[in-house]
Amino acid sequence: MRLDEIWLFHRCFDLLHGEAKDERKRAGGLERGKTVVPYILLIGTGLAGGPLLAKRPGARRAYLLASGMACWLVASLRYVTGFDYRSYEDIFQGIAAGGLAEAGRIESGFAVLNWAVARLGGDYRVFLFVFHLLLTALVFAWIGRYSPLPWLSVYLFLTLPYFAMSMNLLRQALAAAIGLWAYPFLKARRFPPYCGVVLLASLFHRTVLIMLPLYFLLNLRVSKRHYGAAALLAGAAYFLADPLMQVFFSAFPRYESYTASRYWQGNGFRYLLFPLGLALFAVPLMRRAARSPGESPVLANSMFYSLLMQVFITQHFILERLSVYVAVFSLLALPEAARLPGRRFSPKARTALLLAWTFAYFLFAAWDGFHGAYPYHGVWSRALSP
């Protein structure tokens, strides 16, 4: 069985066993409460960085190294945590047994990474260690270089769905991690090197190519006219989503198998509550960008377009794969917004509000089982049968 057939089998299996999954979800509330402890401990490392770096700014690199290693170990030592855990295990085993010829539709960069680990004698567990080391290094090095408040960016990486996503949608997560490094070129409006980074990221997931047209949107000046027109176009596209998707599938029939998976289902509108709160939190950042034409609008626009794209997830969850490449810039945008002085709230009060809101987002995600990352199972538990 080729890897693309294995992939389709898993998607159909997900759909056929949806009711059993829902029953396990209802019965697993208490278990989930116990097995989010690794995430809580990691979130604690983010919070601990606040007072630590306030007293010792020179400890920035040491803090990022320690917190990054903790994230790497938790992600690498998971067992059947993440909806696609078994799918990616099958991909690895197929490439390990048959070489790159068995990669099927898998992007070449991801296939070569699997092949290289297998050629060096590693198994799927070793692959996870290598994969998460690469992803964590890319994310934490980027935070260290560009974040105004690295401890807060780490905290957001953990409380927002990005860390959970990295344990489920492996290819998209690595493409997004590489895509982060397009940010300086995006901000400086240097399109050729920006394209180079995006094309490199596309070797791990093709959907990152959406960042090519977004280059122009994210660099538009912040204004009511800009946002109003974008919202109207997005509203029209929302109601035409299914016909547009059929056009897409006619052009790229290989992706039509996703209609038989959990990813084709839409999220309820309650899932927009937390992204909406984050967009409102970033309104002062948008206002500052609108008043200062010489300032880069990238971070402000990323928060706006992230919210618009989140709306489409209420139609089909699979569209999250497109939104993540913009949404991940919130790791810089939200700390920048938290630092802004306001008429009603000081920066400390705004930071406290952000911490509380995003922790509530984490609790909601954990209870709902985002990305199959909750509850967490480590290799020591082997809680699910192989």
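Residues numbered from 1 in each chain as written. Predicted model: local features only at pLDDT ≥ 70, side-chain atom pairs only at ≥ 80, totals over all residues. Heavy atoms only, no water.

Describing the packing of aromatic side chains
Aromatic ring pairs are defined here through the distance separating the ring centres and the angle between the ring planes.
Okay, so step 1: Tallied over the full model, the rule gives 39 aromatic pairs.
Okay, so step 2: Taken together, a centroid distance of 5.8 Å and an interplanar angle of 45° make the contact between tyrosine 183 and phenylalanine 329 tilted. Within this pair, whereas tyrosine 183 is found in helix α12 (residues 183-187), its partner phenylalanine 329 is found in the loop between α20 (320-327) and α21 (330-338), the two being separated by 146 residues in sequence.
Okay, so step 3: Take phenylalanine 329: its relative accessible area is 1%, and that puts it in the buried class. (Phe/Tyr/Trp six-rings, centres within 6.5 Å; stacked < 30°, edge-to-face > 60°. Helix = DSSP H or I, 4+ residues; strand = E, 2+ residues; numbered from the N terminus. Buried < 20%, exposed > 50% of the residue type's maximum accessible area, 1.4 Å probe, protein only.)

As for the packing of helix α13 (residues 191-201) against helix α14 (residues 211-218)
Okay, so step 1: α14 packs onto α13 with a crossing angle of 140° between their chain directions and a minimal axis gap of 10 Å. Relative to α14, the element α13 is oriented oblique. For the pair α13 and α14, the crossing hand works out as right-handed. In this structure, α13 contributes Phe191, Tyr194, Cys195 and Val198 to the contact, and α14 contributes Met211, Leu212, Tyr215 and Phe216.
Okay, so step 2: Its residues placed into classes, the contact of α13 with α14 shows eight nonpolar, no polar and no charged. (Axes fitted to C-alpha atoms, helices over the stretch in contact; angles between N-to-C directions. Parallel < 35°, antiparallel > 145°, perpendicular 65-115°, else oblique. Left-handed = near helix turned anticlockwise from the far one by under 90°. Contact = heavy atoms within 4.5 Å. Nonpolar A, V, L, I, M, F, W, Y, C, P; charged D, E, K, R; others polar.)

Some remarks on the confidence of the model for the protein
Okay, so step 1: Averaged over all residues, the pLDDT of the protein is 86; the fraction at 70 or higher stands at 84%.
Okay, so step 2: Below a pLDDT of 50 lies the segment residues 5-33, which in the model reaches 36 contacts outside its immediate sequence neighbourhood of four places, other chains included. (pLDDT = per-residue confidence, 0-100.)

Digging into the side chain of glutamine 310
Okay, so step 1: As for its placement among the helices and strands, glutamine 310 is situated in helix α19 (residues 298-312).
Okay, so step 2: Using a relative accessible area of 16% as the deciding quantity, one classes glutamine 310 as buried.
Okay, so step 3: Glutamine 310 has contacts with Leu272, Pro275 and Ser323, leaving out every residue within four places of it along the chain.

Some words on the nonpolar core
Okay, so step 1: In terms of nonpolar packing, the biggest core is built from 115 residues, with Tyr39, Phe110, Phe127, Phe163, Met211 and Tyr374 touching the most fellow members.
Okay, so step 2: Sort the elements by how many residues they give to this core and helix α8 (residues 124-146) lands first, with 10 residues. (Core = buried A, V, L, I, M, F, W, Y, C linked by side-chain atoms within 4.5 Å.)

Remarks on unusual backbone geometry
Okay, so step 1: Following tyrosine 374, the chain continues into proline 375 via a peptide bond in cis, with omega recorded as 0°.
Okay, so step 2: Relative to the elements of secondary structure, proline 375 occurs in the segment after α22 (347-368).
Okay, so step 3: A positive phi angle, near 60°, is found at arginine 189, a position not held by glycine.
Okay, so step 4: Looking at the secondary structure, you find arginine 189 in the loop between α12 and α13.
Okay, so step 5: In this structure, histidine 371 is a non-glycine residue whose phi angle is positive, near 60°.
Okay, so step 6: Inspection of the secondary structure puts histidine 371 in the segment after α22.

Examining helix α7 (residues 108-119)
In an α-helix there are 3.6 residues to a turn, and that puts residues three or four apart on one side.
Okay, so step 1: End to end, α7 covers 16 Å across 12 residues, agreeing with the expected 16 Å (1.5 Å per residue, within 8%).
Okay, so step 2: Inspection of α7 places Gly109, Phe110, Ala111, Leu113, Asn114, Val117 and Ala118 among the buried residues, and these make up the whole buried set.
Okay, so step 3: Those residues of α7 that are buried lie in contact with α6 (85-98), α8 and α11 (170-179).
Okay, so step 4: The first or second residue beyond α7 is glycine 121, which carries a positive phi of 90°. (Expected span 1.5 Å × (residues − 1).)

Here's the deal with the pattern of salt bridges
For side chains bearing opposite charge, pairing can occur when the charged atoms are close.
Okay, so step 1: Within this structure, the stated rule accounts for seven salt bridges.
Okay, so step 2: Among the salt bridges present, the one from glutamate 107 reaches arginine 206, with a minimum N-O distance of 3.1 Å. Here the residue glutamate 107 occupies a position in the loop between α6 and α7, and arginine 206 occupies one in the loop between α13 and α14, the gap between them amounting to 99 residues.
Okay, so step 3: The exposure class assigned to glutamate 107 is buried, which follows from its relative accessible area of 3%.
Okay, so step 4: On the basis of relative accessibility, which here comes to 30%, the residue arginine 206 falls in the partly exposed class.
Okay, so step 5: Residues participating in the shared-partner salt-bridge network are Arg288, Glu295, Glu336 and Arg339. (Salt bridge = Lys/Arg side-chain N within 4 Å of Asp/Glu carboxyl O.)

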